[in-house]
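# A closer look at the structure
Below, each chain spelled out in residue letters.
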Amino acid sequence: MSSAQAAIPQGTWVVELTFTDAGLAKFNVLVGHCYSRDQYCTGGTTAIVLDGHVESNPAPQEPTFTSNQIQISGPTSAPLTQQEAEDLALVLNYGSLPVELEQQRVEEISATLGQDSLRAGLIAGAIGIALVALYMILYYRSLGVVVVLGLAVWSALNYSIIVYLSSNSGLALSLAGVTGIVVSVGVTTDSYIVYFERMKDEVKAGRSVRSSVDHAFGRAWHTIVAADSASFIGALLLYWLTVGAVRGFAFFLGLSTMLDLITAYFFKRPMVALLAKSNFFVNARWFGMSDALGVEREPASPSPSTPLGAAPVVGGGA
């Protein structure tokens, strides 16, 4: 066959075939067997097969063809659609891709190598998260504990989703996936830093710690969403344009980034607001805001022995 194309000559879609002279002769031999339903073609239909799958099985309507123009159409009850005709023409024109694989390299590895690599990746990730948590505690003191608790909630959500998808969708946590999660720890930690630094700016501007919690979060939230959106878009493009291990990296990076937004909105702000309601935390030097200029402490309660507005008495007598 030299060519095949989809056409609609009489109101219905067909595939027009053009054979070479040698091809037409061989095709007529096949058609003759199927038209007469002899021992070589008892079913009476031909078959167009690609990669073991029958794409079409047209039945010849004539015992032989004298023209190089042959049409394949669907049955009267179910004629070919445009998409079906174009797909069949594509199969007939190109068939299987003419690609021959050549062996370039052979490696023999232990069956436990992947498991050992994954374990090493998990250990490295745990050490990295621990160092990040330690640094945040040393720098932000009690607010650093909020970061540690937030990372714990974030990790629990990640673990729950991974276990669910592994049980129901066959998701496998690979070394590339662990890398994506570890990279997203930096994205998650950045959202806490943006919020805490915004709180410091509000305190320096003269607000109390308690009133700066919501005001700072409202301004920091836009930055957090913008940063996480950029990370998520990058992960989405990687997942769409790549294959293999890189897609695993992109999937877990995108998942962890989305969970950072959820944790930031539903855990971080309420937790900091809860601490800000306690004078014990607000007035302590280890709260994490004491280095902000002009930090406002909660006003001390007036002494019960000196009523407000009372004037001192100088002398007296009957």
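The coordinates are above.
The rules behind each value
- Going along each chain's sequence as written, the residues are numbered from 1 onward.
- Reporting of local features is limited, given that this is a predicted model, to residues whose pLDDT is at least 70; pairs of side-chain atoms are given and counted only at 80 or more, and all residues count toward the totals for whole chains, interfaces and linings.
- Note that water and hydrogens are dropped before the side-chain values are worked out from all heavy atoms of the structure.
- Secondary structure elements follow DSSP: runs of H or I of four or more residues count as helices, runs of E of two or more count as strands, with numbering from the N terminus.
- Relative accessible area decides the class of each residue, using a 1.4 Å probe on protein chains only: under 20% of the type maximum gives buried, over 50% gives exposed, and in between gives partly exposed.
- Residue contacts are defined here by distance: any two heavy atoms, one from each residue, within 4.5 Å place the two residues in contact.
- Residue exposure ignores everything except the shown protein chains as possible cover, and the areas themselves are Shrake-Rupley values with a 1.4 Å probe.
- Criterion used throughout: strands pair if DSSP finds at least two bridges between them.
- To get an axis, a line is fitted to the C-alpha atoms, and for a helix only the part in contact is used. The angle between two axes follows their N-to-C directions and goes from 0 to 180 degrees.

### Description of the overall build of the chain
- Counting its secondary structure elements, the chain contains 8 helices and 5 strands.
- Secondary structure elements in the chain, listed N-terminal to C-terminal, are β-β-α-β-β-β-α-α-α-α-α-α-α.
- Within the chain, buried positions represent 31% of all 318 residues.
- Long-range pairs, those at least 24 residues apart, make up 68% of the contacts in the chain between residues at least 6 apart in sequence.
- Carbon and sulfur atoms make up 61% of the accessible area of the chain, which totals about 19,800 Å².

### Thoughts on the sheet that holds strand β1 (residues 3-7)
- Strand order in the open sheet formed by 3 strands is β1-β2-β5, and the pairing between neighbours is antiparallel. What marks the edges here is a single partner per strand, and that holds for β1 and β5 (69-72). Strand after strand, the sheet turns through a mean of 25 degrees between neighbouring axes, direction not considered.
- Both strand β2 (residues 14-18) and β5 contribute to a ladder of 4 bridges, which runs antiparallel. From the neighbouring strand, valine 15 faces β5, where its bridge partner is isoleucine 72.
- Taken strand by strand, helix α2 (residues 82-94) contacts β1, β2 and β5, and its axis lies near 175 degrees from that of β1.

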